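Understanding the architecture of this molecule
Single-letter residue listing:
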Amino acid sequence: MASLWEYANPLKFMRTTDWLLPVVAVAAVVVTTIGLVWGFFFTPDDFRQGATVKIVFIHVPAAMMAINAWVMMLVASLVWLIRRHHVSALAAKAAAPIGLVMTLIGLITGAVWGQPMWGTWWAWDPRLTSFLILFLFYLGYIALWSAIDDPDTGADLTAVLCLVGSVFAVLSRYAALFWNQGLHQGASLSVAPGTRMDWAYKAPLYICMVGFGLIFVTLVLAGTRTEIRARRMKALVARERMA
């Protein structure tokens, strides 16, 4: 049985993703398209929120991936700190811009969805505030990578930043449980007893969540491959200068 650590080898990773990336990319397009078309065109309007409720098919998957992207970066950063596998550090670096965009989508769609319901585009709600801070951590993470020339030093420092930012990733998910005040509703999907969402909305929402997850995997794989190529190119240029 092949060890998972084999894929920390850049050559092994590149060979595997040569065939895996197109498969995941096609699946991402198909699943996301099905979910969004079903959600926006084949679900009824809500009796309270009307058609605006359909923003849920973008807002919830984007917010979910914004948080999960940081969790993935945390795991990859820990692998780097413990095992010093460069592919894991490059995967974390590749995931950051995707997580940033997902967070921005979550903030914008949340504002658009919330304005008719709350009467305001923004409120310093615990969950909203922690989500905004997570967005700022994404910006800081990307800026820190850009500011450091040595890749190993950059990986070390961004890994530490990722550990700190994980607090706000957790708060973004569970803030509503820590503090009762705030405008943001509870979780749209929950394993707790009681129906929070009708299956007319829940089924396409689950499909959209899978689709956004596949989009994230596709972009991370593509971004990691780009980072590996850039690292190789930098090493070749440095070698030529020394020759």
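Now for a description of the structure that goes with this document. Predicted, not measured: the structure shown is a model, and the values here were computed from it.

This part is about the overall build of the chain. A tally of regular secondary structure across the chain gives six helices and zero strands. Traced from its N-terminal end to its C-terminal end, the chain shows the element sequence α-α-α-α-α-α. Taken over 243 residues, the chain has a buried fraction of 42%. Long-range contacts, defined here as pairs at least 24 residues apart, represent 77% of the contacts in the chain between residues at least 6 apart.

Before going further, it helps to examine the packing of aromatic side chains. Per the stated rule, a full pass over the model turns up six aromatic pairs. Summarising the aromatic geometry, the rings of Phe57 and Tyr201 are spaced 6.5 Å apart at their centres and angled 25° between planes, so their arrangement reads as stacked. A residue pair is termed long-range when its members are at least 10 positions apart, and Phe57 in helix H2 (residues 56–83) and Tyr201 in helix H6 (residues 199–242) qualify at 144 residues. With a relative accessible area of 0%, Phe57 lands in the buried category. Look at Tyr201 and you get buried, because its relative accessible area is 10%. Counting every residue linked through ring pairs, the aromatic cluster contains Trp70, Phe137, Tyr138 and Tyr141. In this structure, Lys202 packs its charged tip against the face of Trp199, placed 5.1 Å from the ring centre.

Our next topic: empty space enclosed by the protein. Space left empty within the atom packing is revealed by a probe, the size of a water molecule, rolled over the atoms. Taken as a whole, this structure holds one cavity of 30 Å³ or more when the rule is applied. Approximately 30 Å³ is the volume attributed to the largest cavity. Around the largest cavity, the lining residues are Trp80, His86, Ala89, Leu90, Trp145, Pro151, Asp152, Ala155 and Arg231. Breaking the lining of the largest cavity down by element, the ones donating at least two residues are helix H3 (86–118) and helix H5 (151–178).

Cut-off values and rules
Residues numbered from 1 in each chain as written. Predicted model: local features only at pLDDT ≥ 70, side-chain atom pairs only at ≥ 80, totals over all residues. Heavy atoms only, no water. Helix = DSSP H or I, 4+ residues; strand = E, 2+ residues; numbered from the N terminus. Buried < 20%, exposed > 50% of the residue type's maximum accessible area, 1.4 Å probe, protein only. Contact = heavy atoms within 4.5 Å. Phe/Tyr/Trp six-rings, centres within 6.5 Å; stacked < 30°, edge-to-face > 60°. Lys NZ or Arg CZ within 6 Å of the ring centre and 35° of its normal. 1 Å grid on protein atoms, 1.4 Å probe; cavity = no way out; pocket = protein on both sides within 12 Å on 5 of 7 lines; lining within 4 Å. Points joined across faces, edges and corners; volume = space filled by probe spheres on them.

So, to be careful, I would describe these as geometric facts and stop short of saying anything about function.
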